[in-house]
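The lines below spell out each chain.
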Amino acid sequence: MSTPDQQRGGERHGRSNKVNARNVIRRNGHSHHNITPNISTRSDNSHSENNRNGSISSGKKAARPATQRDVSRPAKAVLHAAGRRSTRRSRRNGKSSRTARARLYKQGYRRGYDEGIRQGQSSFGLVFEGVSIIIPTYNQREYVLQCVSSIEKHTPAPFEIIVVDNGSKDGTAKAMLRKGGMVRVAALDQNRGFAGGVNHGLMMARGRHIIVLNNDTLVTPGWLDNMMTCLASDPKIGVVGPVTNYIGGDQQIEVPYREVGEMWSFAAAQNRPDADKHRITDRLVGFCWLFSRELLERVGYLDEGYAVGNFEDDDWIIRVKLAGYQLAVAGDAFIHHFGSVSMKALGEQDFAVVNKDNEQFYSQKWGDPHALVAETSRLAKQQFSGTSSGQLEDRDTSPIDPRQRISTQGSQDPVLQFRRSCDFYPEGSFLSDAKGDVYTLTGGRRRKLNIPVPRGISPVQVAKPDLLAMPAGEALILAGEVQGWPMEAHQLQNKVVQGSPQVWAEGSIVATVDAPEIRYQISGGKRRRFVSVYAAERWGIHSGHIISVSADQLNSMEEGWPIIAPPQLLNPDL
């Protein structure tokens, strides 16, 4: 047993050790708050030995000696340092793992992309026995979602839906991509208007038949079957439209409902198949068209010279009629139309401006389109009646690539005499596609220039399908084979067509003194009228090309097909 003095001495000795430990810490620049309590009085040697043995004496947790080395690195600090090292290793491992995953993703994406291109190239031009439904849209997400849902619910397979989003800002493209299924989405980087959106969808379409449909419509049970029945009822019918509650012309019918919810029962009664409700019409509004792929190949794309919308559908319908097709309304196919929501979104003032500009462009391009269609129909009948034994003159019998031209029953009937866009293009003109390939149109055939385009020739761009619809002739490989067009008037004055009673060379551009704005091309011994000044200018005709002639001289020549302006194509992918 220790005496009180011994106990006090021991306490003084312990306090002295603690003070020494504090002094060591202060001398080394460490705060006293880092001192661990109950510092043992063991020597450094015993501490080192205990660490080597890894044991704690007396079964109790031994206090760590307060050496300079250990106190400067307390247990808590060591644990934090270890945690940081572990975190750094974890981050390095995580970063390495993410890098590896990103690399694998890029490799997989590239393989998938390359395979998609390969399959796309191998299947380009092939069609499936179904309908491609093209819906152009701009900032009308909820309307187009309803439209697509109605198609999916009320349309029998096979079909595909092509939604062309004209640079919407309301998430339309993302919403359509989430739907998946039979919906294909083209997200354009800018608003190309109705014509541009439709054209992009037509380029993507794979079906044997095609429907162009407004985004603010709801289709109803039986709509497509009844329209298809109408289209197939007569080979002369090229385009079919439905009836609706809101549209111009004779496609609008009286409806008893006021709310969409009440519409379905009315549509069910209206859509009972009834061929007596099918009728020929003179105009079809572009809110819903059904037509064949062959008609598209003959008529071509919509004209993108019309801003936003309006009149581009009337423009296309004129070309359909010039090609020899009729239009029909399927009265037993009703669809609901909310009514020009995209155009109304412009506001009254902007809508009026767009509508006026498009109307002026339409008149400038066509002049009197109704008289033009009537005159072309007369020429077609006259041409057929003038052929011997009912045989068509100069019918193209070259083999047809089914990947380029898919014929229907109507095109096999020689009496119908369906025409192509190139029949209304000037002889000897030069055409190019978006890629820069140049062709000359000779005798209704395209001849590719496998040589640099000679100076002074300015090819007019047309769509690739338009070119492919023309029969192919031999390529031009020598510069001497290429004749300039149009030729200046002074270069043609002394040239005479072999065997012709006239003094005008083939390809001459002529006009009478009394009507210099009405220009003609002399082609195949016939006079072919440019339907407007705009049409002549689109083909590069100016006053220096025109030879003045008398009206009697001009009228003594037989009349040939009129010459129209090719559609403007602003989309570089067409």
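The shown structure was predicted, so the numbers you read here are calculated from the model rather than taken from an experiment. (Residues numbered from 1 in each chain as written. Predicted model: local features only at pLDDT ≥ 70, side-chain atom pairs only at ≥ 80, totals over all residues. Heavy atoms only, no water.)

(A) Inspection of the state of the cysteines at higher detail. The full count for this structure, using the stated rule, is zero disulfides. The thiol of C147 is not disulfide-bonded; the next cysteine sulfur, from C288, is found 9.1 Å away. For C147, a relative accessible area of 0% corresponds to the buried category. (Disulfide = S-S within 2.5 Å. Buried < 20%, exposed > 50% of the residue type's maximum accessible area, 1.4 Å probe, protein only.)

(B) Broad picture of the packing of aromatic side chains. Counted by the stated rule, this structure contains 14 aromatic pairs. When the ring of F291 is compared with that of W316, the centres are 5.0 Å apart and the planes differ by 50 degrees; the resulting orientation is tilted. You can see F291 sitting in strand β8 (residues 288-292) and its partner W316 sitting in helix α11 (residues 312-322), a full 25 residues away along the chain. Take W316: its relative accessible area is 1%, and that puts it in the buried class. Ring centres of F361 and Y534 lie 5.4 Å apart, and the angle between their planes is 90 degrees; on these two criteria the pair is classed as edge-to-face. Of the two residues, F361 is situated in helix α13 (residues 348-366) and Y534 in helix α17 (residues 533-538); the sequence distance between them amounts to 173 residues. Y534 shares its class with F361; the two are buried. (Phe/Tyr/Trp six-rings, centres within 6.5 Å; stacked < 30°, edge-to-face > 60°. Helix = DSSP H or I, 4+ residues; strand = E, 2+ residues; numbered from the N terminus.)

(C) Broad picture of the pairing of strand β12 (residues 445-448). Pairing between strand β11 (residues 438-442) and β12: four bridges, direction antiparallel. Among the inter-strand pairings, Y439 is bridged to a residue of β12, identified as K448. (Pairing = 2+ DSSP bridges.)

(D) Fine view of the packing of helix α5 (residues 141-154) against helix α6 (residues 172-179). Where α5 meets α6, the closest approach of the two axes is 10 Å, and the angle between their N-to-C directions is 20 degrees. Relative to α6, the element α5 is oriented roughly parallel. Where α5 crosses over α6, the two elements pack in a sense that is right-handed. Facing α5, whose interface residues are R141, V144, L145, V148, S149 and E152, α6 presents T172, A175, M176 and K179. By residue class, the composition of the contact of α5 with α6 is five nonpolar, two polar and three charged. (Axes fitted to C-alpha atoms, helices over the stretch in contact; angles between N-to-C directions. Parallel < 35°, antiparallel > 145°, perpendicular 65-115°, else oblique. Left-handed = near helix turned anticlockwise from the far one by under 90°. Contact = heavy atoms within 4.5 Å. Nonpolar A, V, L, I, M, F, W, Y, C, P; charged D, E, K, R; others polar.)

In short, geometric facts, not functional conclusions.
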